[in-house]
Amino acid sequence: MTVIILVLIVVGFLGIVGAVFANKVTKPRQIPYEETYRIEVENGRMDPEWFEKIEKEEVWIDSPYGYKLHGLLIPNDNSERAVIICHGITYSLFGSIKYAKIFHKLGFNIIVYDHRNHGKSGGTNTTLGYYEKHDLAAVKNWVLDRLGKKTRIGLHGESMGAAIAIQYLSLDDEIDFCVADCGFSDLEELLSIRLREDFHLPRVPFIWLARLFARIMTGADLKEVSPIRSVRETSIPIMFAHGGEDHYVPTFMSEKMYSERQSNKHLLIVPDAGHAMALVSDPAKYEKEIEWFLRSNDLL
């Protein structure tokens, strides 16, 4: 009887830990929409004067999952080029505005939007690309309907947004380019690192339990969230950017994805920059590298 009780206690403990970790992944704490604006401005990452004076339009796009995706269209006069910018986890489209300014200067129409379960968009959970890549497809189709079927479209993503953008490349070979800033290469590898460093827990069995409970909670198989697979499957030009001191999504993850490509690739590592800080740490270098990447692929 004692052995049975001990087994039940252990099983119960493992189940609770797995459920808690899965909940942290699929229902991350959200920073309120207006608060993300304030954070970006106060930390000097967003130019409020530029943002206020540019032409922009609030838009709502139908997700294939039945909710609305909230976004902003920032047009660029008579341009047939557009970039869709994807923000990071817990945040909103305001995290994308610092990148929008660069692309707008280079002549692109811009679409920034809130991912499911973020900002003003609908959705009740986060799957780091499993469902979000299909939302991105809806955004891309909306851009073509709005700006014209001849519009050349590229992607930029930061952190989770980079992972979403890369995964989308497996669905669509008509994207012109992708800039992936501090994206993870494989979700289970990243979660294993976070389990070890944040909770001092081993990969096995907790990663299995997290996957099981995430599947129960959302229907998503987190094992399928692996941007590096998409890197291997696509020939679309990809620029990887990463901070050299990123310890949240380790720098080696971009380096690993870069090494998977034989061509149509570029890598920017910004020394001393932390997570999602490559642009902020060296804005002139970042902008110069993006322009070089686009010109070298005949995209400007």
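Residues numbered from 1 in each chain as written. Predicted model: local features only at pLDDT ≥ 70, side-chain atom pairs only at ≥ 80, totals over all residues. Heavy atoms only, no water.

Caption draft 1: Broad picture of the environment of Gly107. Tracing the sequence through the fold places Gly107 in the loop between α4 (97-105) and β4 (109-113). Assessed through its relative accessible area of 16%, Gly107 is described here as buried. Taking the C-alpha atoms as reference points, Gly107 and Cys178, separated by 71 residues in sequence, lie 16 Å from one another. (Helix = DSSP H or I, 4+ residues; strand = E, 2+ residues; numbered from the N terminus. Buried < 20%, exposed > 50% of the residue type's maximum accessible area, 1.4 Å probe, protein only.)

Caption draft 2: Molecular detail of the layout of surface pockets. Reported here for the largest pocket is a volume of approximately 740 Å³. Lining the largest pocket we find 30 residues, and of these Pro28, Ile89, Thr90, Ser159 and Tyr248 sit closest to its centre. The set of elements that each furnish at least two residues to the lining of the largest pocket consists of α1 (2-26), α2 (33-42) and α7 (187-199). The leading source of residues in the lining of the largest pocket is α7, at six residues. Tallied by class, residues from the lining of the largest pocket come to 18 nonpolar, four polar and eight charged. Volume-wise, the second largest pocket comes out at about 290 Å³. Where the lining of the second largest pocket is concerned, the elements lending two or more residues are α4, α11 (278-281) and α12 (283-296). Here the residues of the lining of the second largest pocket sort into seven nonpolar, one polar and six charged. (1 Å grid on protein atoms, 1.4 Å probe; cavity = no way out; pocket = protein on both sides within 12 Å on 5 of 7 lines; lining within 4 Å. Points joined across faces, edges and corners; volume = space filled by probe spheres on them. Nonpolar A, V, L, I, M, F, W, Y, C, P; charged D, E, K, R; others polar.)

Caption draft 3: A look at the sheet that holds β4. As summarised here, the arrangement of the eight strands in space is β1-β2-β4-β3-β5-β6-β7-β8, forming an open sheet in which the pairing is mixed. Of all strands in the sheet, those with a lone pairing partner are β1 (57-62) and β8 (265-270), marking the two edges. With strand direction ignored, the average angle separating the axes of adjacent strands in the sheet is 20°. (Pairing = 2+ DSSP bridges. Axes fitted to C-alpha atoms, helices over the stretch in contact; angles between N-to-C directions.)

Caption draft 4: Highlighting the packing of aromatic side chains. Considering all chains together, one arrives at 12 aromatic pairs under this definition. Ring centres 5.9 Å apart and planes at 75° place the aromatic pair Phe108 and Phe177 in the edge-to-face group. Taken together, the residues Phe108 in the loop between α4 and β4 and Phe177 in strand β6 (residues 177-181) connect sequence positions 69 residues apart. Taking relative accessible area as the criterion, Phe177 reaches 1% and is therefore assigned buried. Measuring from ring centre to ring centre gives 5.0 Å for Tyr130 and Tyr131, while their planes differ by 85°; the resulting arrangement is edge-to-face. Each member of the aromatic cluster is reached from another via a ring pair, and the members are Tyr33, Tyr37, Phe51 and Phe94. Of note, Arg81 hangs over the ring of Phe108, and the distance from its end group to the ring centre comes to 4.9 Å. (Phe/Tyr/Trp six-rings, centres within 6.5 Å; stacked < 30°, edge-to-face > 60°. Lys NZ or Arg CZ within 6 Å of the ring centre and 35° of its normal.)

Caption draft 5: A look at the packing of helix α5 (residues 132-147) against helix α6 (residues 160-168). At their nearest, the axes of α5 and α6 sit 9 Å apart, and the two run at 75° to each other. Between α5 and α6, the interaxial angle falls into the category roughly perpendicular. Side by side, α5 and α6 meet where Glu132, Lys133, Leu136, Ala137 and Lys140 of the first sit next to Ile164, Ala165, Gln167 and Tyr168 of the second. (Parallel < 35°, antiparallel > 145°, perpendicular 65-115°, else oblique. Contact = heavy atoms within 4.5 Å.)

Caption draft 6: Unusual backbone geometry, seen in detail. Cis rather than trans, the peptide bond between Val204 and Pro205 has omega equal to 10°. Checked against the element boundaries, Pro205 lands in helix α8 (residues 203-218). The backbone phi angle of Asn78 is positive, close to 60°, even though this residue is not glycine. Mapped onto the secondary structure, Asn78 falls in the loop between β2 (68-74) and β3 (81-86). Although it is not a glycine, Asn117 adopts a positive phi angle of roughly 65°. Looking at the secondary structure, you find Asn117 in the loop between β4 and α5.

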